[in-house]
Amino acid sequence: MSFSADRHVHILIIGGGAIGCSLAYHLGLAGTKDVLLVEKSQLTHGCTWHAAGLVGQLRGKKNLTRLMQNSVAVYDRLGEEADSVIDWKKVGSLRLAGSNERWSEIRRSMTQAKSFGFESHEVSIADAKSMFPYIEEEGLVGATFIPGDGYVDPYALTQAYAKVARARGIKIEEGVTVHDIVVEDRRAVGVMTDQGNISCDILVNCAGLWAKRVGEMAGVALAAGIVEHQYLVTEKTLDLPPELPTLRDPDKNFYLKPDVAAFAIGGWERGSKACWNNLPPLDFGRELFDASMERLELFALPCAERLPVLNETGIQTVINGPIPVSADGEPIMGLAPELDNFYVACGFTAGIAASGGAGLALANWILEGDPGMDLWSFDVRRFGTQHANGRFLEERAVDAYGAYYQIHWPGDESTAARGARRSPLYDALKTHGAIYGSKSGWERPNWFASTSNAEERPSFEGRPGCFDAVGEEAAAIAERVALIDQSSFSKFEISGPGAFNFLQHLAANDISGGPGNCVYTQLCNSQGGIEADLTIMHVADDTFYVVTGSGFGVRDRHWIDRHMPRDGTVSLRDVTSNYAVLNICGPKSRDVLQTISRNDLSNEAFPFLTVRDVELGLGRARAARVGYVGELGWELHIPTEHAAHVYEELISAGGEHGIANAGYRVVESLRLEKGYLYWSSDITPDYTPLEAGLGFCVALNKGGFVGREALHRQKQGGVDRKLCAFTVEGFAPFHGGEAIIHNGKVVGNTTSAGYGHRIGKTVALGYLPVEIAKEKAFQIEAFGTSHEAVRGPRCHYDPQMQRLRA
């Protein structure tokens, strides 16, 4: 495409809603020059103008809560900065529980809040009634109050962002429609608009409802959907107290914001409608849809049960408008992996609440290369092309919308848009009782229903329905042999004459062992934070095979690709679909595998942390002597066409040894016992390998690598915190995020936790200040109950690794 620009800017922002204007505001505060925001209609048009404006802060992860807290910090000062009234009412929020299950969910969030140092309070039903006199107490089990929450006028907020941004030199132009984006050499070099062509150094997609359409202009696949959302405003007949808090009753499926002598009430009903195949027309602006009274009743009638005053109050208006909803219901932020200068901030279902913190984080991302905190749950790279598939996205977005106020059980799985990505063993495992979950669109066996009383019954405070079945899988792995289908692993081939030097510079560990060597390593950023946690297999002179988690493939590939030399000496190829993966593990695994192979699988010929190509039955596989469960075993990377045959051969050969199938839930149990870590919970860019106890993976003496200087300084000066392992006798209802307490004070939170079936104890991991990291006695609080916990060794099962190296 021939492209001639009429003008040039450094940073070009597409979209003038709350998110785009917040970004402009923060770039202005940072002193960034030559920034232009273009809006196709007028500021707030699309979905910001009709948003309800509630601001809630508490989320399931510390950093996401911090992002929301950053929003509140902006709202606290923005009115004065802009010399404008934004109607920020910091009245607090009241959340009600109408069932024991909901109360467990809320108490879990309160424990997480305590571990974050975030202020929230359990209140009695009587106190809740005094705070919000209109509620009917019948059926209520509990209530919480967050004093820092509130509500704001979305239009006034956005205009205040824009006013301050303009005062700081940011240009904002309305009535400029982007029709196309010009891409050259992995860069968006400019846009074509109805007001002329604009070239840029950095392009930011804050297009709200139009984000997916704008992404497609640049060849960027975004899992940004659109769903109809309704709320009503009552007649102005109510005499409301001036400091009435916002109200949420998820069991009655509604939220409420006080308005002038009225209530604004909305909900998250099942069966909402997706809009425009996620590609709205460019001429849609400040418009609404016709009300759907049938869907409105799904939250309005339950709301009237909780607030009887509504039976005497009419409806003044119904707002039915489009709102963004991503494939998992969370926002989408960051640098798009397809391009080197195309940032996104879209998919914000709660965009008003998030806008202040999101704008700050994205400004940091653009200016510093880092958002200032780990935001993996919002990261654009958590999605792949599967998630952007039109039907997949539509089904997932509608499901995520309807699940907003559903109880979010531990290990919850979406039931929408399932079955798109299947292992070649899918049908065979299903006949053996596989209960499938979903990861990155893949169907993966979570566990196997080997007994008639086992069921997929989640629980907050008790043992889940699959507990005994998972225990049987653990016994099979520890005592006999089991097969785990891990075909969904992301897999890459990195090759070329420069491949070794490139990977040696990128990885923290030393990969110089030569062909046949497997290396577990982290890929770190310049601050030493862990960007990826993966295995590198040296399979030929100039060829390496990289294996990482199912959900991390897009992210890890992007990290590798952005550091690759551009001189043609290194190539990167995604081979995920080329290979199925079977993990054979347990003390009898060698006996079973040797039965169907003519290769020597003895410990002498095939030691731990090596990789070989082997024949298996009539097929072949790349066999790696590695594992994640702490038992003798191999990962078998099998050409897809041989997978079913190899599985059948192993099942037949393993019959006399009591071979079993196993799933991902037992893997989670066993890896905790071993102290093996999971990226995104135990380790993230916020933590270094030295803090995480992974110093054995850091080869400071091998020469320069990404992050070496920071890690060398930390090694010399010592760490301030350490990842520690804790055990509680028997079963404790831990799910991660619990508060760790020492001498009556919260000193940290668990990063992951679960029951260890081999050791019969509950295991938790969490970071402690180094000053107390050698103490033994702690408490871990869950659901309001403190459990005595012992800090012990990192590895609680086979610490000498005798079984793994057998």
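If you're wondering where the values come from, they're calculated on a predicted model, not measured in any experiment. (Residues numbered from 1 in each chain as written. Predicted model: local features only at pLDDT ≥ 70, side-chain atom pairs only at ≥ 80, totals over all residues. Heavy atoms only, no water.)

Caption draft 1: Layout of helix α12 (residues 467-479). An ideal rise of 1.5 Å per residue puts 18 Å on 13 residues; α12 measures up with 18 Å between its terminal C-alpha atoms. Among the residues of α12, those classed as buried are Phe-467, Ala-469, Val-470, Glu-473, Ala-474, Ala-476, Ile-477 and Ala-478. Among the structural elements, β20 (442-448), β21 (482-485), β27 (579-585), β31 (660-662), α17 (664-674) and β34 (745-756) are those in contact with the buried residues of α12. (Helix = DSSP H or I, 4+ residues; strand = E, 2+ residues; numbered from the N terminus. Expected span 1.5 Å × (residues − 1). Buried < 20%, exposed > 50% of the residue type's maximum accessible area, 1.4 Å probe, protein only. Contact = heavy atoms within 4.5 Å.)

Caption draft 2: Summary view of helix α7 (residues 293-306). Taking 1.5 Å of rise per residue, the 14 residues of α7 would be expected to cover 20 Å, and the 19 Å separating its terminal C-alpha atoms lies within 8% of that figure. Along α7, the residues classified as buried are Arg-295, Leu-296, Phe-299, Ala-300, Pro-302, Cys-303, Ala-304 and Arg-306.

Caption draft 3: Region of the structure containing the packing of aromatic side chains. The final tally for this structure, using the stated rule, is 28 aromatic pairs. On the basis of an interplanar angle of 85 degrees and a centroid distance of 5.5 Å, the ring pair of Tyr-134 and Phe-263 is categorised as edge-to-face. One end of the pair, Tyr-134, is in the loop between α4 (125-131) and β6 (142-146); the other, Phe-263, is in strand β15 (residues 262-266), and 129 residues separate them in sequence. Phe-263 shares its class with Tyr-134; the two are buried. Members of the aromatic cluster, each reached through a chain of ring pairs, are Tyr-255, Trp-268, Tyr-401, Tyr-404 and Tyr-405. Directly above the ring of Tyr-664 sits Arg-444, whose terminal nitrogen or CZ lies 3.6 Å from the centroid. Looking at Arg-622, its charged tip hangs above the ring of Tyr-545, at a distance of 4.5 Å from the centre. (Phe/Tyr/Trp six-rings, centres within 6.5 Å; stacked < 30°, edge-to-face > 60°. Lys NZ or Arg CZ within 6 Å of the ring centre and 35° of its normal.)

Caption draft 4: Quick peek at the nonpolar core. One finds Ile-13, Leu-23, Leu-78, Ile-86, Val-204 and Leu-362 to be the most contacted residues of the largest nonpolar core, which totals 53 residues. Sorting elements by how many residues they give to this core places helix α8 (residues 351-368) first, with 9 residues. Among residues more than four places away in sequence, those in contact with Ile-86 are Tyr-75, Leu-78, Gly-79, Val-152, Asp-153, Ala-156, Leu-157 and Ala-160. (Core = buried A, V, L, I, M, F, W, Y, C linked by side-chain atoms within 4.5 Å.)

Caption draft 5: Region of the structure containing the pattern of salt bridges. Considering all chains together, one arrives at 35 salt bridges under this definition. Between Arg-270 and Asp-399 there is a salt bridge, with the nearest N and O atoms lying 3.1 Å from each other. Of this pair, Arg-270 sits in the loop between β15 and α7 while Asp-399 sits in helix α10 (residues 390-402), placing them 129 residues apart in sequence. Salt bridges linked by common partners bring Arg-186, Asp-340, Asp-561 and Arg-566 together as one network. (Salt bridge = Lys/Arg side-chain N within 4 Å of Asp/Glu carboxyl O.)

Caption draft 6: Main features of the packing of helix α2 (residues 62-82) against α8. One can describe the packing of α2 onto α8 by two numbers: an axis separation of 7 Å at closest approach and a directional angle of 95 degrees. With respect to each other, α2 and α8 are oriented roughly perpendicular. From α2, Leu-67, Met-68, Asn-70, Ser-71, Val-74 and Tyr-75 reach across to α8, where they touch Ile-352, Ala-353, Ala-354, Ser-355, Gly-356, Gly-357, Ala-358, Leu-360 and Ala-361. (Axes fitted to C-alpha atoms, helices over the stretch in contact; angles between N-to-C directions. Parallel < 35°, antiparallel > 145°, perpendicular 65-115°, else oblique.)

Caption draft 7: Molecular detail of the sheet that holds β31. Pairing in this open sheet of 6 strands is mixed, and the strands run β28-β29-β30-β27-β21-β31 from one edge to the other. Of all strands in the sheet, those with a lone pairing partner are β28 (611-616) and β31, marking the two edges. Geometrically, the sheet is characterised by an average inter-axis angle of 30 degrees between neighbouring strands, direction not taken into account. Summarising the sheet, β21 and β27 pair through 4 bridges and their orientation is antiparallel. Bridged to Ala-482 within β27 is Cys-585. Packing of α12 onto the sheet brings it into contact with β21, β27 and β31, and relative to β31 it is tilted by some 120 degrees. (Pairing = 2+ DSSP bridges.)

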